[in-house]
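Residue-level structural notes
Below, each chain spelled out in residue letters.
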Amino acid sequence: MMDNRGTLVVISGFSGAGKGTVSRALVEKYGYRLSISATTRQPREGEQDGKDYFFKTENEFLSLVDYNGYIEYAQYVGHYYGTPRKFVEDSLDEGQVVILEIEVQGAMKIKEQYPDAILLFITAPSIEILKNRLVGRGTEAPEVIEKRMRRAVEEAESIPVYDYIVNNEEGKLEECMAQIHSIIESEACRVSRRKNFIASLKEGLKEYQG
Ligand code: 5GP
């Protein structure tokens with residue numbers, strides 16, 4: 001992922017941290033691309049197939065695994081989730097910024113395959129606020145919320161693997177987005193991502209070599 005190749009941005013975070021809202025707002029404001037995952041979980045009220053997720057049966061999901069159709073997939077609280085390969089690879093070839101909103105096991109697999117990916121961990125300011133958001137959302141049964149909170153304990157252990165931790169405070173979506181945008185912009189100037197550009201500068205300097 002250098003010079004003209006696009007940038008892969010992984011956004012993870014505890015359930016209820018507001019990753020979905022932040023990711024969609026980033027796409028809207030900055031024109032980033034958002035990868036739509038496949039999942040075997042049931043659609044929530046208002047979720048649309050092909051927009052929020054590609055909803056699949058377990059057989060459908062696993063047959064695409066056999067065809068190497070995902071760049072990563074993982075199980076999360078009893079269901080499969082995976083990132084379709086083609087959209088991500090095509091978008092990177094076109095030089096786009098691509099956001100993957102995925103959980104921590106998936107993020108680790110992405111880091112192995114795409115070492116230049118930027119890994120962001122989004123969190124609410126406190127666990128109390130997080131739990132209240134999750135309950136207030138009203139989309140999950142109490143036992144599912146308990147499972148997601150227990151999963152958060154494991155997820156917290158993986159935070160050190162991420163490059164950045166970003167706070168998503170209530171009513172401060174713009175600040176959160178601006179922070180992520182500035183991270184992405186700064187990363188684009190990283191020397192390791194500008195190898196072709198640096199080579200072209202050196203090429204231009206050749207005639208002045210002693
Ligand atoms: P939810 O059921 O709340 O939509 O998602 C549950 C978790 O799965 C979230 O942490 C979400 O980021 C993650 N997730 C969504 N899509 C993918 C994916 O393609 N791969 C992985 N590894 N995790 C995903």
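Quick note: structure is the one above.
Residues numbered from 1 in each chain as written. Predicted model: local features only at pLDDT ≥ 70, side-chain atom pairs only at ≥ 80, totals over all residues. Heavy atoms only, no water.

Time to look at the pairing of strand β5 (residues 70–76). In terms of residue burial, β5 counts as a mostly covered element, since five of its seven residues are buried. Pairing of β5 with strand β6 (residues 79–84) involves six bridges; the strand directions are antiparallel. In the sheet register, Y70 faces β6, and the bridge partner there is P84. Connecting the antiparallel pair β5 and β6 is a turn made up of two residues, with V77 showing a positive phi of about 40°. (Buried < 20%, exposed > 50% of the residue type's maximum accessible area, 1.4 Å probe, protein only. Helix = DSSP H or I, 4+ residues; strand = E, 2+ residues; numbered from the N terminus. Pairing = 2+ DSSP bridges.)

What follows covers the packing of helix α1 (residues 19–30) against helix α7 (residues 173–188). Running from amino to carboxyl end, α1 crosses α7 at an angle of 70°, the nearest separation of the two axes being 10 Å. In terms of orientation, α1 lies roughly perpendicular with respect to α7. The handedness of the crossing between α1 and α7 is right-handed. Judged by residue contacts, T21, V22, A25, L26, K29 and Y30 of α1 engage L173, E174, C176, M177, A178, I180 and H181 from α7. (Axes fitted to C-alpha atoms, helices over the stretch in contact; angles between N-to-C directions. Parallel < 35°, antiparallel > 145°, perpendicular 65-115°, else oblique. Left-handed = near helix turned anticlockwise from the far one by under 90°. Contact = heavy atoms within 4.5 Å.)

Another point: the pairing of strand β1 (residues 7–13). The buried fraction of β1 is high, at seven of seven residues. Here β1 shows no split at all, with T7, V9, I11 and G13 on one side and L8, V10 and S12 on the other all buried. Bridge count for β1 against strand β7 (residues 97–101) is five bridges, and the pairing is parallel. Counterpart to V9 in the pairing with β7 is I99. Pairing of β1 with strand β8 (residues 118–123) involves five bridges; the strand directions are parallel. Opposite G13, over in β8, you have I122 as the bridge partner.

Once that is clear, we can look at the layout of surface pockets. One number sums up the size of the largest pocket: a volume of about 980 Å³. Those elements giving two or more residues to the lining of the largest pocket turn out to be α1, β5, β6, α5 (127–137) and α6 (142–157). Top element by residues in the lining of the largest pocket is α1. It accounts for five residues. Class assignment of the residues belonging to the lining of the largest pocket gives a composition of 10 nonpolar, 10 polar and 15 charged. (1 Å grid on protein atoms, 1.4 Å probe; cavity = no way out; pocket = protein on both sides within 12 Å on 5 of 7 lines; lining within 4 Å. Points joined across faces, edges and corners; volume = space filled by probe spheres on them. Nonpolar A, V, L, I, M, F, W, Y, C, P; charged D, E, K, R; others polar.)

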